[in-house]
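Structural overview for review
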Amino acid sequence: IIALVHGACCGGGLGMALAADIRLVTPEAKMNVAMYKIGLTGGDMGISYLLPRLVGTSVAAEMMMTGRFMYGPRAVQTNLASELFPNQAEMEKGARQLVKEMLAGSPDGLRLTKDCIQASVDASSFEAQVSLEDRQQVLMVLGGDWFKHVGDFNKKSKL
């Protein structure tokens, strides 16, 4: 899932953006934990789980305990977003390119990669994560379209 943020992204909208795999922003993007501003807690819609994992506890606490806005440039600086685009049109173009690159690979490989990334956040150890990676690679080699993709890659690399 790719979230494109241009303009206000508050409360539940922020929770949905945090749940995305990739977040892209423009300078006009402004995100906040709006629930805190209206007398509720800053923890809602999974924000208390997702936000600290993305930006660290200090920045998460700042956002959740004040309701302050974070704008596009700082979102990239704090790893809340992966790329800052100058405007909405360029951001949409960048998102289409990401989608194109993602879909060029194996659908199963994309799904298992997403699973692996999500599992890595709470992995009990390096060894446990490597074991998961090994399992996923075996699944892809034995049951996926790996041979086709290797062949396609080899054809392209010989050009």
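Presented here is a report on the structure given in the accompanying data block. This one's a predicted model, so the numbers in the text were calculated from it and none came from an experiment.

Examined against the element boundaries, Val121 turns out to sit in helix 7 (residues 107-121). Exposure remark for Val121: the relative accessible area of 47% places this residue in the partly exposed category. When the C-alpha atoms of Val121 and Leu54 are compared, they prove to be 9.8 Å apart, with 67 residues separating the residues in sequence.

Attention shifts here to the packing of aromatic side chains. Centre distance and the angle of the planes are the two values used to describe a pair of aromatic rings. In total, this model carries one aromatic pair according to the counting rule given. Measuring from ring centre to ring centre gives 6.3 Å for Phe69 and Tyr71, while their planes differ by 40°; the resulting arrangement is tilted. Here Lys30 stacks its cationic end above the ring of Phe69, 4.4 Å away from the centre of that ring.

Applying the stated criterion to the full structure yields five salt bridges. Of the charged contacts, one joins Glu62 and Arg68 as a salt bridge, the two residues approaching to 3.4 Å between their closest N and O atoms. Linked through salt bridges whose partners overlap, the residues forming this network are Glu62, Arg68 and Arg74.

Parameters and conventions
Residues numbered from 1 in each chain as written. Predicted model: local features only at pLDDT ≥ 70, side-chain atom pairs only at ≥ 80, totals over all residues. Heavy atoms only, no water. Helix = DSSP H or I, 4+ residues; strand = E, 2+ residues; numbered from the N terminus. Buried < 20%, exposed > 50% of the residue type's maximum accessible area, 1.4 Å probe, protein only. Phe/Tyr/Trp six-rings, centres within 6.5 Å; stacked < 30°, edge-to-face > 60°. Lys NZ or Arg CZ within 6 Å of the ring centre and 35° of its normal. Salt bridge = Lys/Arg side-chain N within 4 Å of Asp/Glu carboxyl O.

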